[in-house]
Amino acid sequence: GQNIDQPTEMTATEGAIVQINCTYQTSGFNGLFWYQQHAGEAPTFLSYNVLDGLEEKGRFSSFLSRSKGYSYLLLKELQMKDSASYLCAVMWSGGYQKVTFGIGTKLQVIP
Amino acid sequence: SAVISQKPSRDICQRGTSLTIQCQVDSQVTMMFWYRQQPGQSLTLIATANQGSEATYESGFVIDKFPISRPNLTFSTLTVSNMSPEDSSIYLCSVEGSAAYEQYFGPGTRLTVT
């Protein structure tokens with residue numbers, strides 16, 4: 001089966017940098033997503049990593065190590081609006097492409 | 001990116017009744033997905049709906065409880081049948097984007113069963 005672990009809650013200060021870790025165990029791994037979900041809203045796509053390494057997109061960067069089953073999402077120059085849940089999800093092949101989500105990390109940004 | 005709308009946005013229903021949730025996409029898509037997000041939980045895939053074929057249900061979900069229709073390439077419905085308080089959840093429709101890894105979510109339907 002698929003198993004995804006990420007911290008349930010984190011707190012960080014406005015303007016700082018925060019790293020949200022995700023470890024996974026899955027067969028047929030294809031890639032890893034990060035989504036942002038504000039309270040009461042639908043998830044929005046942040047990143048998708050297929051290859052090992054770091055991908056930067058503005059204030060957000062995502063890292064993947066396939067051999068270690070590990071990823072992290074790095075948020076720089078934190079803003080109050082970054083307070084949200086961050087969902088790690090893996091795409092895997094189970095007859096067809098499937099996506100399994102982690103429970104999400106609730107990030108609170110404080111002044 | 002696809003624009004997805006869902007109806008209703010929220011509802012409060014009595015146990016034993018059924019609710020049909022509609023999902024409309026602004027472009028034709030092959031695959032549509034239905035997810036459930038229970039309070040404090042992650043998203044769980046209920047089923048995958050392809051136009052012209054029966055929906056494929058994930059483990060723990062059955063057609064009698066969650067019948068799905070997919071009459072065309074822009075529309076799908078999910079019915080939550082014979083509801084109980086345990087069905088209280090957010091139900092989300094999702095579609096694939098132009099790239100295989102892209103996935104877009106609708107705004108969700110917040111269901112409360114009393």
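A brief look at the structure comes next. (Residues numbered from 1 in each chain as written. Chains lettered and ligands numbered in written order. Predicted model: local features only at pLDDT ≥ 70, side-chain atom pairs only at ≥ 80, totals over all residues. Heavy atoms only, no water.)

**Quick look at the overall build of chain A**
If you tally the helices and strands in chain A, you get 0 helices and 11 strands. Listing every helix and strand of chain A by position from the N terminus yields β-β-β-β-β-β-β-β-β-β-β. Compactness check: chain A gives a C-alpha radius of gyration of 14 Å against a globular reference of 13 Å for 111 residues, within 12% of the reference. Principal-axis analysis of the C-alpha atoms places the extent of chain A at approximately 45 × 30 × 20 Å. Taking all 111 residues of chain A together, 45% fall into the buried category. The contacts in chain A between residues at least 6 apart in sequence include a share of 56% that link residues at least 24 apart. (Helix = DSSP H or I, 4+ residues; strand = E, 2+ residues; numbered from the N terminus. Rg over C-alpha atoms; globule rule 2.2 N^0.38 Å. Buried < 20%, exposed > 50% of the residue type's maximum accessible area, 1.4 Å probe, protein only. Contact = heavy atoms within 4.5 Å.)

**Observations concerning the interface of chain A and chain B**
Contacts between the two partners involve 16 residues from chain A, matched on the other side by 18 residues from chain B. Both faces considered, chain A and chain B share a buried interface measuring about 1400 Å² in area, 59% of it formed by carbon and sulfur atoms. Summed over the shared surface of chain A and chain B, the number is 1 salt bridge. As a salt-bridge pair, Lys98 of chain A and Glu58 of chain B come within 3.1 Å of each other at their nearest N and O atoms. Our enumeration of links across chain A and chain B arrives at 5 residue pairs in polar contact (both at pLDDT 80 or more). At the level of elements, β4 (29-37), β5 (44-49), β9 (84-93) and β10 (97-101) of chain A are the ones that each hand at least two residues to the side of chain A that touches chain B. (Buried area = accessible area lost by both parts, 1.4 Å probe. Salt bridge = Lys/Arg side-chain N within 4 Å of Asp/Glu carboxyl O. Polar contact = N/O pair within 3.5 Å; in protein donor to acceptor, adjacent residues only side chain to side chain.)

**Details of the sheet that holds strand β7 (residues 68-72) of chain B**
Residue and element names in this part refer to chain B. Taken together, 4 strands build an open sheet; the order of strands is β1-β3-β8-β7 and the sheet is antiparallel. Every other strand in the sheet has two partners, leaving β1 (4-7) and β7 as the edge strands with one partner each. The sheet shows a mean angle of 15° between the axes of neighbouring strands, taken without regard to direction. In terms of strand pairing, strand β3 (residues 19-25) meets strand β8 (residues 75-80) through 6 bridges, oriented antiparallel. Paired with Gln22 across the two strands is Thr77, which belongs to β8. (Pairing = 2+ DSSP bridges. Axes fitted to C-alpha atoms, helices over the stretch in contact; angles between N-to-C directions.)

**Here we look at the sheet that holds strand β3 (residues 18-25) of chain A**
Residue and element names in this part refer to chain A. With antiparallel pairing, 5 strands are arranged side by side in an open sheet as β1-β3-β8-β7-β6. The open sheet has two edge strands with one neighbour each: β1 (3-5) and β6 (53-57). When strand polarity is set aside, the average angle formed by the axes of neighbouring strands in this sheet is 15°. With 6 bridges joining them, strand β7 (residues 60-65) and strand β8 (residues 70-75) adopt antiparallel strand pairing.

**A few points about the packing of aromatic side chains**
What the rule picks out here adds up to 14 aromatic pairs over all chains. Aromatic side chains Phe33 of chain A and Phe45 of chain A sit 6.3 Å apart centroid to centroid with 75° between the ring planes, which places their arrangement in the edge-to-face category. Taken together, the residues span a long stretch of sequence, with Phe33 of chain A in strand β4 and Phe45 of chain A in strand β5 at a distance of 12 residues. On the basis of relative accessibility, which here comes to 29%, the residue Phe45 of chain A falls in the partly exposed class. Both rings, one in Phe61 of chain B and one in Phe66 of chain B, keep their centres 5.6 Å apart while their planes meet at 65°; by these two values the pair is edge-to-face. This pair shows no difference in class: Phe61 of chain B is buried, exactly as Phe66 of chain B is. (Phe/Tyr/Trp six-rings, centres within 6.5 Å; stacked < 30°, edge-to-face > 60°.)

**Here's the deal with the side chain of Ser62 of chain A**
Residue and element names in this part refer to chain A. Tracing the sequence through the fold places Ser62 in strand β7. We classify Ser62 as buried; its relative accessible area is 2%. Residue contacts for Ser62: discarding those within four places in its chain leaves Trp34, Ser47, Asn49, Gly53, Leu54, Glu55, Tyr72 and Leu73.

**Regarding the state of the cysteines**
Per the counting criterion, the structure on display carries 2 disulfides over all chains. Through a disulfide, Cys22 of chain A is tied to Cys88 of chain A; the S-S separation comes to 2.0 Å. Sign of the S-S torsion, about -70° for the bond between Cys22 of chain A and Cys88 of chain A, identifies this disulfide as left-handed. Highlighted residues: Cys22 of chain A in strand β3 and Cys88 of chain A in strand β9, separated in sequence by 66 residues. Exposure remark for Cys22 of chain A: the relative accessible area of 0% places this residue in the buried category. With a sulfur-sulfur separation of 1.9 Å, Cys23 of chain B is cross-linked through a disulfide to Cys93 of chain B. The chirality of the disulfide connecting Cys23 of chain B with Cys93 of chain B is left-handed, given an S-S dihedral of about -65°. Placement of the pair is Cys23 of chain B in strand β3 and Cys93 of chain B in strand β9 (residues 89-96), with a sequence separation of 70 residues. Using a relative accessible area of 0% as the deciding quantity, one classes Cys23 of chain B as buried. Overall, the relative accessible area of 0% leaves Cys93 of chain B in the buried class. The thiol of Cys13 of chain B is unpaired, and the distance to the nearest cysteine sulfur, on Cys23 of chain B, comes to 18 Å. (Disulfide = S-S within 2.5 Å.)

Interpretation note: all reported values are geometric properties and have no functional meaning in isolation.
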